[in-house]
Amino acid sequence: MAKKNQTPLAVKPLNVLPEITISCAYGGLCHHKRYLTEDTSETECTHPYFRPCGMMQVFSLRLSSPIDHPVNIYGTFAVRDCWEPLRNSVFSRSRDNPATIPQDCTFLPLRSPCRGIYVLQCILLDIDIWIKEEGDGSADKPLFRGYVELDYQKAVLGSKSQGRLQGDCHGLVMRYTFQRDSIETVIAAVAGGGQPSEIRFSAFISGFDDDEVELYDGAFSGSGTIFRHFMAVNKQEKLHVALKMNGSQYKWTFQAGVGVVAAPEEPVSLFAPIFTMSVSFRTRGKLAAAWDWSCIHNQVSVKKYMA
């Protein structure tokens, strides 16, 4: 496990599917038909299959090299799986609301997928990402457009992988893993009465300590749900959630079938009187439970309720 985090990962080029294949030309079962690529709608957030199984977790998406000036990036990076082959986006920005990538930065801000990414055998990456040109009348540049099929049965399960997609002007690198016996896990934080502040929530899975998944990074005030994020967590591993704000750090640890393994000893002062951090392991049967750590009027409690 330690070696997994210390050894630099090789960045392997991913094979992009041609726009038209022989199957397309002769009306066969091509990737367009198998994955319904003409339908650009998002998959539903609900899903009927809640058993530990093969799943994919995307940790990060970044440019292959730093840039010497800020750029605005928009478009979609989605995964289509075999359960319901509609878009399950991990990056989605409109041209009117692009992601601004600062100078010398490479990472694109990811969003939560609509649900867990389930893997039977193959999945399709559906990518259509652009660089927005400003001011001089130039046309927007395609960062990368195309489809990539990944075979779960050929992957090294439980290990991190990096795949490169080379466009005309930049490359994209995806850091991800395929996991056996994973559980679709929902992480959510709800607050009430909080003061305006810059906060950052992140999560990582045991064995992948260097691969934090950003849950929320920005300002929050008032009351309501701060975020709701889907992740794939191996049924035997622990899930760690961290909060950083105003120089303080809080950390929670959850595990399926166990519940709250560790939690802060003191309430999260900024969000008093009401704050709840909850994790739901979406399984059926004896493991079908959600756990939360709450502080209400400065009284800390740990609760369990059936999912």
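Residues numbered from 1 in each chain as written. Predicted model: local features only at pLDDT ≥ 70, side-chain atom pairs only at ≥ 80, totals over all residues. Heavy atoms only, no water.

A. Structural context of the overall build of the chain. A count of helical and extended segments in the chain gives three helices and 17 strands. A buried classification covers 50% of the 307 residues belonging to the chain. Considering only intrachain contacts with a sequence separation of at least 6, the fraction spanning at least 24 residues in the chain is 67%. Total accessible area computed for the chain in this model is approximately 14,800 Å², and 49% of it derives from carbon and sulfur atoms. (Helix = DSSP H or I, 4+ residues; strand = E, 2+ residues; numbered from the N terminus. Buried < 20%, exposed > 50% of the residue type's maximum accessible area, 1.4 Å probe, protein only. Contact = heavy atoms within 4.5 Å. Areas by Shrake-Rupley, 256 points an atom, 1.4 Å probe, with all protein chains shown as cover.)

B. Representation of unusual backbone geometry. Not every positive phi belongs to a glycine, and D181 is a case in point at roughly 55 degrees. Within the fold, D181 resides in strand β10 (residues 171-205). Residue D181 is classed as partly exposed on the basis of its relative accessible area, which comes to 29%. Positive phi values are uncommon outside glycine, yet N246 reaches one of about 50 degrees. In this fold, N246 is placed in the loop between β12 (238-245) and β13 (248-255).

C. Looking closely at the pattern of salt bridges. Considering all chains together, one arrives at 12 salt bridges under this definition. D140 is the salt-bridge partner of R95, the closest N and O atoms lying 2.6 Å from each other. Of this pair, R95 sits in the loop between β4 (88-93) and β5 (99-101) while D140 sits in the loop between β7 (122-132) and β8 (141-151), placing them 45 residues apart in sequence. A salt bridge links D128 to R145; its shortest N-O distance comes to 2.9 Å. Of the two residues, D128 sits in strand β7 while R145 sits in strand β8, which places them 17 residues apart along the sequence. When salt bridges with common partners are traced through the structure, they connect R80, R87 and D126 into a single cluster. (Salt bridge = Lys/Arg side-chain N within 4 Å of Asp/Glu carboxyl O.)

D. Molecular detail of the layout of surface pockets. In this structure, the second largest pocket occupies an estimated 370 Å³ of space. Looking at the second largest pocket, it is lined by 25 residues, and the ones nearest its centre are F59, S60, L110, V213 and E214. At the level of secondary structure, the elements contributing two or more residues to the lining of the second largest pocket comprise β2 (53-63) and β11 (213-234). Looking at side-chain class alone, the lining of the second largest pocket contains 16 nonpolar, four polar and five charged residues. (1 Å grid on protein atoms, 1.4 Å probe; cavity = no way out; pocket = protein on both sides within 12 Å on 5 of 7 lines; lining within 4 Å. Points joined across faces, edges and corners; volume = space filled by probe spheres on them. Nonpolar A, V, L, I, M, F, W, Y, C, P; charged D, E, K, R; others polar.)

E. Main features of the nonpolar core. Of all hydrophobic cores here, the largest spans 35 residues; its most connected members are I187, F201, I226, W252, F271, F275 and M277. Taken together, the elements giving at least two residues each to this core come down to β10, β11, β12, β13, β15 (274-281) and β16 (289-296). Those residues in contact with I187, other than ones at most four positions away along the chain, are A203, L215, F227, R228, H229, M231, L239, V241, M277, S278 and V279. Judged by nonpolar contacts, the second largest core, of 32 residues, contains L63, A99, I129 and Y152. (Core = buried A, V, L, I, M, F, W, Y, C linked by side-chain atoms within 4.5 Å.)

F. Structural detail: the pairing of β2. A large share of β2 lies buried, amounting to 11 of its 11 residues. Here β2 pairs with strand β6 (residues 117-118) via two bridges, running antiparallel. Paired with M55 across the two strands is Y118, which belongs to β6. (Pairing = 2+ DSSP bridges.)

G. Expanded view of the pairing of strand β3 (residues 71-80). Of all the 10 residues making up β3, 10 are buried; the element is thus mostly covered by neighbouring parts of the structure. Of the two faces of β3, the one holding V71, I73, G75, F77 and V79 and the one holding N72, Y74, T76, A78 and R80 are both buried throughout. Bridge analysis of β3 against β5 gives three bridges, and the strand direction is antiparallel. Note that in β5 the partner of V71 across the bridge is I101. Across five bridges, β3 lies against β4 in antiparallel orientation. Each bridged residue has a counterpart across the sheet, and for F77 the counterpart in β4 is F91.

H. Region of the structure containing the environment of S223. Note on placement: S223 falls in strand β11. Between the alpha carbons of S223 and V190 there is a distance of 7.6 Å; along the sequence they are 33 residues apart.

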